[in-house]
Amino acid sequence: MAQGLLRLCRVSRFYGERAVLRNIELVLAPGQALLVVGPNGAGKSTLLRLLAGLLPPSEGEITTELAPGEIGYLGHKTLIYPKLTARANLAFWQAMFGLPRDDAPIEAVLARVGLSRFADEEAGVFSRGMSQRLSLARVFLTGPRLLLLDEPASGLDPASAAMLRREIRAAADAGAAVAWVSHNVAADLAVCDRVVLLRGCRVAYDGPARDFDPSGLAGECVC
Amino acid sequence: MLGAALAVARKDLKLALSGAQGLVQTVLLGLLLIFIMSLSREPGEMSPPLAAAAIFWLATAFGQILVFNFLYGLEEAEGARLGLLLSPAPTQSVWLGKAVAGWVLLFCCQLVFAPAAVAFLGQSVAGSVGLGLLVVAAVDWGLCALGSLLGALSVGRSSRESLLTVILFPLLVPALLAGIRLLETVISGRGLEAVGAWTGTVVAFDAVFTAAALILFPFLYTGEE
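Residues numbered from 1 in each chain as written. Chains lettered and ligands numbered in written order. Predicted model: local features only at pLDDT ≥ 70, side-chain atom pairs only at ≥ 80, totals over all residues. Heavy atoms only, no water.

- The name an unreviewed UniProt entry gives chain B is Heme ABC transporter permease CcmB, with Solidesulfovibrio aerotolerans as the organism.
- The Subcellular location (unreviewed entry) field of the UniProt record for chain B holds the comment "Membrane".
- Recorded in UniProt for chain B, the comment headed Sequence similarities (unreviewed entry) runs: "Belongs to the CcmB/CycW/HelB family." (UniProt positions renumbered as here; feature names shortened; annotations may be inferred.)

- As annotated in an unreviewed UniProt entry, chain A carries the name Heme ABC exporter ATP-binding protein CcmA and comes from Solidesulfovibrio aerotolerans.

**Some thoughts on the pattern of salt bridges**
Phase 1: In this structure the tally under the stated criterion is 17 salt bridges over all chains.
Phase 2: Asp206 of chain A is paired through a salt bridge with Arg194 of chain A; the nearest N and O atoms lie 2.8 Å apart. Here the residue Asp206 of chain A occupies a position in strand S9 (residues 202-208), and Arg194 of chain A occupies one in strand S8 (residues 194-199), the gap between them amounting to twelve residues.
Phase 3: A residue is classified by how much of its surface remains accessible, and Arg194 of chain A, at 11% relative accessible area, is buried.
Phase 4: Note that Lys98 of chain B is salt-bridged to Asp12 of chain B, the shortest N-O span being 2.9 Å. Note that Lys98 of chain B is positioned in helix H5 (residues 92-120) and Asp12 of chain B in helix H1 (residues 2-17), a separation of 86 residues in sequence. With respect to burial, Lys98 of chain B and Asp12 of chain B carry one shared label: buried. (Salt bridge = Lys/Arg side-chain N within 4 Å of Asp/Glu carboxyl O. Helix = DSSP H or I, 4+ residues; strand = E, 2+ residues; numbered from the N terminus. Buried < 20%, exposed > 50% of the residue type's maximum accessible area, 1.4 Å probe, protein only.)

**Remarks on the pairing of strand S6 (residues 146-150) of chain A**
Residues and elements named next belong to chain A.
Phase 1: When you tally the buried positions in S6, you get five out of five residues, the bulk of the element.
Phase 2: The two faces of S6 match: Leu146, Leu148 and Asp150 on one face and Leu147 and Leu149 on the other face are all buried.
Phase 3: With four bridges joining them, strand S5 (residues 71-74) and S6 adopt parallel strand pairing. When the sheet's bridge partners are listed, Ile71 is paired in S6 with Leu146.
Phase 4: In this structure, S6 lies alongside strand S7 (residues 177-181), joined through five bridges in parallel fashion. From the neighbouring strand, Asp150 faces S7, where its bridge partner is Val181.
Phase 5: Assessed by its sense of winding, the connection that carries the chain from S6 through helix H5 (residues 158-173) to S7 is right-handed. (Pairing = 2+ DSSP bridges. Right-handed = clockwise from strand over helix to strand, strands pointing away.)

**Details of the sheet that holds strand S3 (residues 33-37) of chain A**
Hydrogen bonds between backbone groups are what pair the strands of a sheet, and the pairing can be parallel or antiparallel.
All names here are of chain A.
Phase 1: Overall, mixed pairing links the six strands, which are arranged S5-S6-S7-S3-S8-S9 in an open sheet. Of all strands in the sheet, those with a lone pairing partner are S5 and S9, marking the two edges. Adjacent strand axes in the sheet meet at a mean angle of 15 degrees when their direction is disregarded.
Phase 2: Taken together, the six bridges between S8 and S9 define a ladder with antiparallel strand orientation. Its bridge partner being in S9, Leu197 is matched across the sheet by Tyr205.
Phase 3: Strands in contact with helix H1 (residues 44-52) are S3, S5, S6, S7 and S8; relative to S6, the strand with the most contacts, it is inclined by about 155 degrees.
Phase 4: This element, helix H4 (residues 128-141), spans S5 and S6 of the sheet and lies at about 170 degrees to S5. (Axes fitted to C-alpha atoms, helices over the stretch in contact; angles between N-to-C directions. Contact = heavy atoms within 4.5 Å.)

**Structural notes on the pairing of strand S1 (residues 6-15) of chain A**
All names here are of chain A.
Phase 1: Pairing of S1 with strand S2 (residues 18-28) involves seven bridges; the strand directions are antiparallel. Counted as the bridge partner of Val11 is Ile24 from S2.
Phase 2: Connecting the antiparallel pair S1 and S2 is a turn made up of two residues, with Gly16 showing a positive phi of about 65 degrees.
Phase 3: Examined bridge by bridge, S1 and strand S4 (residues 59-64) share five bridges and lie antiparallel to one another. Bridging from a neighbouring strand, Arg7 pairs with Thr63 of S4.

**What to know about the packing of H5 of chain B against helix H6 (residues 129-151) of chain B**
Residues and elements named next belong to chain B.
Phase 1: Two elements in contact, H5 and H6, have axes whose closest approach is 8 Å; the angle formed by their N-to-C orientations is 135 degrees. With respect to their mutual orientation, H5 and H6 come out oblique. As for the relative orientation of H5 and H6, their crossing is right-handed in sense. Between H5 and H6, the contacting residues are Trp95, Leu96, Lys98, Ala99, Val100, Gly102, Trp103, Leu106, Phe107, Gln110 and Leu111 on the first element and Leu133, Val136, Ala137, Asp140, Trp141, Cys144, Ala145, Ser148 and Leu149 on the second. (Parallel < 35°, antiparallel > 145°, perpendicular 65-115°, else oblique. Left-handed = near helix turned anticlockwise from the far one by under 90°.)

Given below as structure tokens:
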């Protein structure tokens, strides 16, 4: 099996008696943009949390060459503090990641996600889309080698979603591995290198994006 | 670890003190307890120093529950706990940051409880105020080390207030008893040498739960929901 930043070997995950993922084999390579698709309940979010190390596998093994702090994760929640300003949120994460206290990178990522004008406003007053953009700024700020994004376009307007796709492609081109979950398969296929389709708790497809047929996506999740 | 812990403590204190979130409830609950307890004495009568010290620490113990529920609740609103876990800082820096923030907040509350206890419970403090503050700060560290450790247990649970109370109070007994005896000694103006064993209890409690938290915290504060 190819070397990669992170490798899942026969990984399964159960919640109580219920299997969410079974015997997953996956390698994340640097510079690769991986799109994870599948019906609701197929285990996409669980897969991302396993990749992030936030959940231990029930069976199997996960090996990684990543050091602590080299994973950028965006989940269903935005991971921001609503009572802090956008700038204070980013300054906090800068400190937690051991980065030097410097306003320039904060200004740069805020500009990158189009939030410069709102830097000193409390994040709690942001719309869902603005919160999502702030969360993306948090991910970009730390320069991760692996980006794990769970439905990152959720709440974004079409222009912001297009910006997100450009950023995903740029991160992969810069050498990072990117894995993201999306239901907007048609649009995201254009920027990904590889697709993993989860169905029935297993990998139903793992291959190049150009060979993936999105018309077969409709299906039930039965484990 | 210290830099990350300070960042957590600074952020928590900023959030707690802006709009006095988390503090107002704690102060009000403590004052209410002290006032209700004061009704048990006749007007003009002085409560025994031991009773006054016990009421002060009772108010502190209930306040501690609110403080740590507030502090750990900050990460739950938008899932920031996951971000903390993914940072390169050791997980223990979250425990230390929250313990320090809780220590400062609890001490601020006690600065209100103490004069209220003196006034409502009719106390005259014969001992040194500085020594009293030192005793309170030393006992508080043990309470906060344990509160910050167990606060992580109740994260994300709907019954977290009751859960924290049930698991925290039995473990606090040695520190609270020591705090009561030491504070009573300060109020009555006797030297701490009269209660050397209780001083040792506080030091041991602080050391044991600081060490236990440094070992156990990563197992309690995880990405599982």
